[in-house]
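Summary of the model geometry
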Amino acid sequence: MINNEDIVKKIAQSKKKTSCKVILNCKKKLIFKNAKVFVSLPLYIVYGDYEDIKDTLKENEKDIEDMIIENQSRNSALPLLNTLNINARIEPGAIIREGVIIKDNAVIMMGAIINIGAEIGEGSMIDMGAVIGARAKVGSSCHIGAGAVIAGVIEPPSSTPVLIEDNVFIGANAVIVEGVRIGKNSIVGAGAVVLEDVKEGMVVGGVPAKVIKKLDSSSLKKKEIIPSLRKLT
């Protein structure tokens, strides 16, 4: 797990960037420094930091016939994770920061947000709109329900990361606050707010969450996962 001091240092010392894509028409030869440029006059496609590109655009605005600028961030400290070589299913619209670990056959659904230093275990599913905060750890074969929030711990720096152990089911819109440990084979009910550790094999629910019962045969279907959803071929 990435040390909190290392995360703060990395963010604080990083060059803040506004990455953008510029598409323009210009018959004049343009020079863009520190950018990736594809040219077939009069068409230019330019990728780079807006701070490196903007002066050339301003200086040549009278010669530029048409232009579109696309960007998704402003003064961003960290890039998104390069997921090309990750052996997991990651659906469109997931936002995953650099420094995240995603293990084999995990599933990251649309709109999920995973911050730096978080770890997603093998075969675990992060459902739509769930938030996994910085340095939180999700074990293997877990299901984190839609809209659930697993707190991150960059601020305050003294906080302890959330730990979700193996085979845990977190219901939709549940909230797990910083420092909480959810024991393996447990179930957290939808909408619960968990302020304290949950022991292994427990079913909890409510605001704040309380133990409802121990996991039994009637509860097993509620945490059953479907292996075929984790297959990549």
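For the structure given in this document, a descriptive report is provided here. On a predicted model such as this, the values are computed, not experimentally measured, just so you know.

Attention now goes to the sheet that holds strand S6 (residues 95–96). The strand order S6-S9-S12-S15-S18-S21 describes an open sheet built from six strands, whose pairing is parallel. Both edges of this open sheet fall to S6 and strand S21 (193–194), since each of them pairs with a single strand only.

This paragraph deals with the side chain of Ser 14. By the secondary structure assignment, Ser 14 is in the loop between helix H1 (4–13) and strand S1 (19–25). Taking the relative accessible area as the measure of exposure, Ser 14 reaches 18% and is therefore buried.

Let's shift gears to the pairing of strand S2 (residues 35–40). Taken together, the six bridges between S2 and strand S3 (residues 43–49) define a ladder with antiparallel strand orientation. Residue pairing in the sheet places Ser 40 in a bridge with Leu 43 of S3. Counting the residues that bridge the hairpin from S2 to S3 gives two residues.

With that settled, consider the sheet that holds S2. The antiparallel open sheet is built from four strands, whose spatial order is S2-S3-S1-S4. One side of each edge strand has no neighbouring strand; the edge strands of this open sheet are S2 and strand S4 (66–71). Recorded for the sheet is a direction-independent mean angle of 10° between the axes of neighbouring strands. Running over the sheet, helix H2 (residues 50–59) touches S1, S2, S3 and S4 and is turned about 140° from S3.

Tracing the sequence through the fold places Met 128 in the loop between strand S11 (125–126) and strand S12 (131–132). In sequence terms Met 128 and Asp 104 are 24 residues apart; their C-alpha atoms lie 19 Å from each other. Setting aside residues up to four positions removed in sequence, Met 128 forms contacts with Met 109, Met 110, Ala 146 and Gly 147.

Glancing now at a nonpolar patch on the surface. Together, Val 37, Val 39 and Leu 41 line one region of the surface with nonpolar side chains, adding up to about 240 Å² of accessible area. The residue Leu 41 is located in the loop between S2 and S3 in this model.

With respect to the helices, strands and loops of the structure, Glu 165 is situated in the loop between strand S16 (163–164) and strand S17 (169–170). Within the local environment of Glu 165, its side chain forms a polar contact with the backbone nitrogen of Lys 184, the two atoms lying 3.0 Å apart. Once residues within four sequence positions are removed from consideration, Glu 165 is found in contact with Gly 139, Cys 142, Arg 181, Ile 182, Gly 183 and Lys 184.

The next point concerns the pattern of salt bridges. Following the criterion strictly, the structure yields nine salt bridges and no others. Between Glu 98 and Lys 10 there is a salt bridge; the shortest N-O distance is 3.0 Å. Placement of the pair is Glu 98 in the loop between S6 and strand S7 (101–102) and Lys 10 in helix H1, with a sequence separation of 88 residues. Classification of Lys 10 as partly exposed rests on a relative accessible area of 37%.

Quick notes on the rules
Residues numbered from 1 in each chain as written. Predicted model: local features only at pLDDT ≥ 70, side-chain atom pairs only at ≥ 80, totals over all residues. Heavy atoms only, no water. Pairing = 2+ DSSP bridges. Helix = DSSP H or I, 4+ residues; strand = E, 2+ residues; numbered from the N terminus. Buried < 20%, exposed > 50% of the residue type's maximum accessible area, 1.4 Å probe, protein only. Axes fitted to C-alpha atoms, helices over the stretch in contact; angles between N-to-C directions. Contact = heavy atoms within 4.5 Å. Patch = residues over 30% accessible without salt bridge, like charges linked within 9 Å, V, L, I, M, F, W, Y side chains within 5 Å. Areas by Shrake-Rupley, 256 points an atom, 1.4 Å probe, with all protein chains shown as cover. Salt bridge = Lys/Arg side-chain N within 4 Å of Asp/Glu carboxyl O. Polar contact = N/O pair within 3.5 Å; in protein donor to acceptor, adjacent residues only side chain to side chain.

Such coordinate-based values are descriptive only and should not be taken to indicate function.
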